[in-house]
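For reference, the chains in residue letters:
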Amino acid sequence: IQLGLLAFLAVAAFAIPAFMLDYMLLGPCFATLRLQMPHIFVVFGVLRIFFMASTVTGKCQRVAPLINSMDFGRGTDQDNRNLVEYIQNSAAGFYIFDARLTTGMVVKFTYVW
């Protein structure tokens, strides 16, 4: 999966310069937009894949506060605390080559790109 996502990222990174080169060579008319639509779909598709993957990490980060807010009855405070600590220390989320993919990372990549 990691190599596939890296390949998607590389394709999208090279699709933008190809799109700009086509725009400069073919000119800014409506006929060229039809020819550039595959580049546009590839870029938006890859961005959507990475945004959806980064939402997994965001949802995993919200599990510990959710469990901490629940009441499991009398005498379970220590068990509740242990469970919350275990969830926080496990650092669940979507990882690509041991780097945790967050929405902030995807937004920064999109901005720099």
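Residues numbered from 1 in each chain as written. Predicted model: local features only at pLDDT ≥ 70, side-chain atom pairs only at ≥ 80, totals over all residues. Heavy atoms only, no water.

Draft legend 1. Geometry of the nonpolar core. Grouped together as the largest cluster of nonpolar side chains are eight residues: Leu5, Ala12, Val46, Phe50, Ala53, Ile96, Leu101 and Val106. Every element with two or more residues in this core is listed here: α1 (2-26) and α2 (30-61). With three residues, the single largest contributor to this core is α2. What Ala12 contacts, discounting residues up to four positions off in sequence, is Val43, Val46 and Trp113. (Core = buried A, V, L, I, M, F, W, Y, C linked by side-chain atoms within 4.5 Å. Buried < 20%, exposed > 50% of the residue type's maximum accessible area, 1.4 Å probe, protein only. Helix = DSSP H or I, 4+ residues; strand = E, 2+ residues; numbered from the N terminus. Contact = heavy atoms within 4.5 Å.)

Draft legend 2. Quick peek at unusual backbone geometry. Unlike most non-glycine residues, Phe97 shows phi in positive territory, near 50 degrees. Topologically, Phe97 is positioned in the loop between β1 (95-96) and β2 (99-100). Here Phe97 falls in the partly exposed class, since its relative accessible area comes to 42%. Of note in this structure, Asp98 is not a glycine but carries a positive phi near 60 degrees. On the secondary structure map, Asp98 appears in the loop between β1 and β2.

Draft legend 3. Representation of the packing of α1 against α2. Relative to each other, α1 and α2 sit at 155 degrees, their axes nearing to 9 Å. One finds that α1 runs roughly antiparallel with respect to α2. The handedness of the crossing between α1 and α2 is left-handed. Between α1, through Leu5, Phe8, Leu9, Val11, Ala12, Ala15, Ile16, Ala18, Phe19, Asp22, Tyr23 and Leu26, and α2, the contact on the second element is made entirely by Thr32, Leu35, Gln36, His39, Ile40, Val42, Val43, Val46, Ile49 and Phe50. Of the residues in the contact of α1 with α2, the class split is 18 nonpolar, three polar and one charged. (Axes fitted to C-alpha atoms, helices over the stretch in contact; angles between N-to-C directions. Parallel < 35°, antiparallel > 145°, perpendicular 65-115°, else oblique. Left-handed = near helix turned anticlockwise from the far one by under 90°. Nonpolar A, V, L, I, M, F, W, Y, C, P; charged D, E, K, R; others polar.)

Draft legend 4. Structural context of the packing of α2 against helix α5 (residues 103-112). Their axes nearest at 8 Å, the elements α2 and α5 cross at an angle of 155 degrees. Between α2 and α5, the interaxial angle falls into the category roughly antiparallel. In contact with Leu47, Phe50, Phe51, Ser54 and Thr55 of α2, α5 contributes Thr103, Val106, Val107 and Thr110. For the contact of α2 with α5, a count of residues per class yields five nonpolar, four polar and no charged.

Draft legend 5. View of the side chain of Thr57. Residue position: Thr57 is located in helix α2. Only 2.7 Å separates the side chain of Thr57 from the backbone oxygen of Leu101, close enough to count as a polar contact. Other than its neighbours up to four places away in sequence, Thr57 contacts Gly93, Phe94, Arg100, Leu101 and Thr102. (Polar contact = N/O pair within 3.5 Å; in protein donor to acceptor, adjacent residues only side chain to side chain.)

Keep in mind that these numbers describe shape and distance, not what the molecule does.
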